[in-house]
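# Summary of the model geometry
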Amino acid sequence: MKLTDENKELWFLTGAQTLYGEEALRQVDLHSKHVVDALNAASSVPCTIRYCGTVKSTEEIEGKFQEANSSAQCVGVILWMHTFSPAKMWIRGLKLLNKPILHLHTQFYREIPWDQIDMDFMNLNQSAHGDREFGHIMTRLRKPRKVVTGFWEDADVQERVAVWTRACLAWDDLKRLRVIRFGDQMNDVSVTDGDRVSAEETLGFRVEYCPVGELCQTTNQVSEADVDDLMAQYHEAYDFAPNCDTGGAQSEQVRHAARLELGVRRTLAQWNGLAFTTNFDDLYGLNQLPGLAAQRLMYDGYGFGAEGDWKTAALVRAMKVMSDGLPGGTSFLEDYVYHFSGAGAILQAHMLEVCPSIAESKPRMEVHPLGIGGKADPARLVFTARPASGVAATIVDLGNRFRMIVNEVDCIRPPAELPKLPVARAFWTPRPDLKTSATSWILAGGTHHTSFSSAITRECLEDFAEIAQIELAIIDSDTTVSSFKRELRCNEAFYN
């Protein structure tokens, strides 16, 4: 299922001026079309780039940016100064532009034509001059943007444009996202809560409360025929433990889980929700915690957060959109148990809700007691995550701002089987090592819940944080505790 609207597009504008005459402007326009055609032909770029012409005056720039602001299709703007474009003409337009910006620092020709270059060629192809002038005014105006430098036909340049595009698509999606809370937060837990008004103001998504009784009522209205159809899908997609299979002692609990999945899907559709939370302690009228529903809806691109964690639910959805169409998976996860041998590792899991998009092999349907919540034994998909490099991310509310924390991790196979662990799990080594990573994460105020993805890299999250203008703290192979503490102190001074 594609998670983004195929009509979404990036707008590409080229900066120039009339100083060098009409023939130069004609060539600028022609060259710009070639660049846009090449970017559109790149399989890595996930949406259409629309060439919107060459702008040469304050009025043209302002008009184009007003159009971009009002366009529901435009998710971002790519700007290139093919020749010299005096930057004062951009001030009015840039001050009103509210779309993400990518400054493409390139030139039309890869190499200098040594035996032919003259002043006309120099004047026409002076991106090295024009882009620096433009960069100055962007910095002076404090405009957040991504700068991509290199030759426009090179794969690495096109890939960096593609990564930023994915962040733009996620930002566009987040501004319309509704996170539906089935029940409230887990009592007395701080990090999963926060200021929902500030979240909508800063990040765009809305957080709404749906009474569990409404979910229960919708679930009870699901027909047996619809449950039968969904059970057939389960049997096709998953292996079944013997006691969960047709006629088994726990087969009815799987049917309850299927009914609950349909209830969750229908309730989310009624509320226009593409992300949701649950709480094991707030399940009035339900047979079991809807963990299987969370697993399967995440697989379809929904965001999810446990114990009412609406920030993580929104982030999972955003990272699902970023990774749409890429190999790998994205899932809600929780730090559970440390492994202190060697560089150290963490066993990641949750009570039930881990997305099968990260599974190494075919998931197995199982039913086990939960031990908390006071409900019947819930069904769940059990599997181990495939080995892959990835990122674990979280967003925390610090009171005066939101901070995104990102840790690069390497998901590996556990050194032994886990025959008694009745939940899906991932086992990873955080970079640079467990002690440095965990210490830094705690110093940054990170959550125990994360959104993990083996489909995107940290660059996409960096771009997203830049677009959202929220604080970013990265833990990677180069991190030391002392340098990370200095970074946090500098950030504290900056944001205060």
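Let us now look at the side chain of T267. Tracing the sequence through the fold places T267 in helix α10 (residues 251–271). Among residues more than four places away in sequence, those in contact with T267 are F182, C210, E214, L215 and T218.

Our next topic: the environment of I358. As for its placement among the helices and strands, I358 is situated in the loop between β12 (345–349) and β13 (364–367). Beyond its immediate chain neighbours, meaning those up to four positions away, I358 contacts G329, T330, S331, L333, F383, T384, A385, R386 and F452.

In space, the 3 strands of this open sheet follow the order β8-β13-β14, with mixed pairing throughout. Two strands close off the open sheet at either side, each with one partner strand: β8 (239–240) and β14 (379–382). Two elements, β13 and β14, share 4 bridges in a ladder whose sense is antiparallel. Looking across to β14, one finds that M365 is bridged to L381.

Once their charged atoms are close, side chains differing in charge can pair, the charge on each being opposite to the other. Following the criterion strictly, the structure yields 34 salt bridges and no others. With a shortest N-O distance of 2.9 Å, R364 and E366 are connected by a salt bridge. On the basis of relative accessible area, R364 is assigned to the partly exposed category, the value being 35%. Of the residues examined, E366 reaches a relative accessible area of 13% and is grouped as buried. Here R431 ties to E408 by a salt bridge, and the two come within 3.4 Å at their closest N and O atoms. Remark: E408 occurs in strand β16 (residues 402–412) and R431 occurs in the loop between β17 (425–430) and α13 (434–443); sequence separation between them is 23 residues.

What counts as what
Residues numbered from 1 in each chain as written. Predicted model: local features only at pLDDT ≥ 70, side-chain atom pairs only at ≥ 80, totals over all residues. Heavy atoms only, no water. Helix = DSSP H or I, 4+ residues; strand = E, 2+ residues; numbered from the N terminus. Contact = heavy atoms within 4.5 Å. Pairing = 2+ DSSP bridges. Salt bridge = Lys/Arg side-chain N within 4 Å of Asp/Glu carboxyl O. Buried < 20%, exposed > 50% of the residue type's maximum accessible area, 1.4 Å probe, protein only.

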